[in-house]
Amino acid sequence: MKEKLASESVTIQDRLVQPGDTNHIGTVFGGNVLAYVDEVAALAAMKHSNQTVVTASFDSVDFVSPAKSGDMLHIEGVVTYTGRTSMEVYVQVTAHNILSGEAHLTAKSFVTMVAVNEEGRPVPVPKVIPQTDEEIRLYKTAPMRKEARLNRKEYQ
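Now for the sheet that holds strand S3 (residues 52-63). In spatial order, the strands read S2-S4-S5-S6-S3; together these five strands make up an open sheet with antiparallel pairing. At either margin of the open sheet sits one strand with a lone partner, and together these are strand S2 (11-16) and S3. Each neighbouring strand pair of the sheet contributes to a mean axis angle of 25°, computed without reference to strand direction. Pairing of strand S4 (residues 72-82) with strand S5 (residues 86-96) involves ten bridges; the strand directions are antiparallel. By the bridge assignment, Leu73 is partnered in S5 with Ala95. Contacting S2, S3, S4, S5 and strand S6 (103-116), helix H1 (residues 30-49) crosses the sheet at an angle of about 135° to S3.

The subject of this paragraph is the packing of aromatic side chains. Any pair of aromatic rings gets described here by the distance separating the centres and the angle formed by the planes. Tallying each qualifying case throughout the model produces two aromatic pairs. On the numbers, 5.1 Å between centres and 50° between planes, the contact of Tyr81 with Tyr139 is tilted. With Tyr81 in strand S4 and Tyr139 in helix H2 (residues 133-154), this pair connects stretches of sequence that are 58 residues apart. Here the aromatic rings of Tyr90 and Phe110 are separated by 5.0 Å at their centres, their planes lie at 45°, and the arrangement is tilted. Here Tyr90, found in strand S5, pairs with Phe110, found in strand S6; they are 20 residues apart in sequence, far enough to count as distant. Across from the ring centre of Phe110, 4.0 Å away, lies the NZ or CZ of Arg145, which sits over that ring.

What counts, and where the lines are drawn
Residues numbered from 1 in each chain as written. Predicted model: local features only at pLDDT ≥ 70, side-chain atom pairs only at ≥ 80, totals over all residues. Heavy atoms only, no water. Pairing = 2+ DSSP bridges. Helix = DSSP H or I, 4+ residues; strand = E, 2+ residues; numbered from the N terminus. Axes fitted to C-alpha atoms, helices over the stretch in contact; angles between N-to-C directions. Contact = heavy atoms within 4.5 Å. Phe/Tyr/Trp six-rings, centres within 6.5 Å; stacked < 30°, edge-to-face > 60°. Lys NZ or Arg CZ within 6 Å of the ring centre and 35° of its normal.

Dropping the structure here:
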């Protein structure tokens, strides 16, 4: 199976935060952000594997700062590491105030996706090749996240 560059999996979506997407204080619901992260992670993993994928875990989700009604959410995901059938995807959400031009990090997350066949059974995925400094850093630190994920499962 041919290896693929991390950059080949980059997936970007922009979404406008509507009033119905917000809570009583006018900031976007965290659950909505999680759904956007899951969708971008799945698309990035599908681009990398050319397979259907399922979500195996959210390793972490850090909500850094709120996004408000009228902000544009810029959601970007990239495959950072691969196992035999699994892919770690890093997703970052940035809120942009379109009128002022200001932007700030809203959330970041690591999601593990698994490639599956028509019967829902895991199938092998290509190895990922990091190129940029950030991709290399995320690739090198992925085994620690994988170990933490496995340890977490052991105690559940």
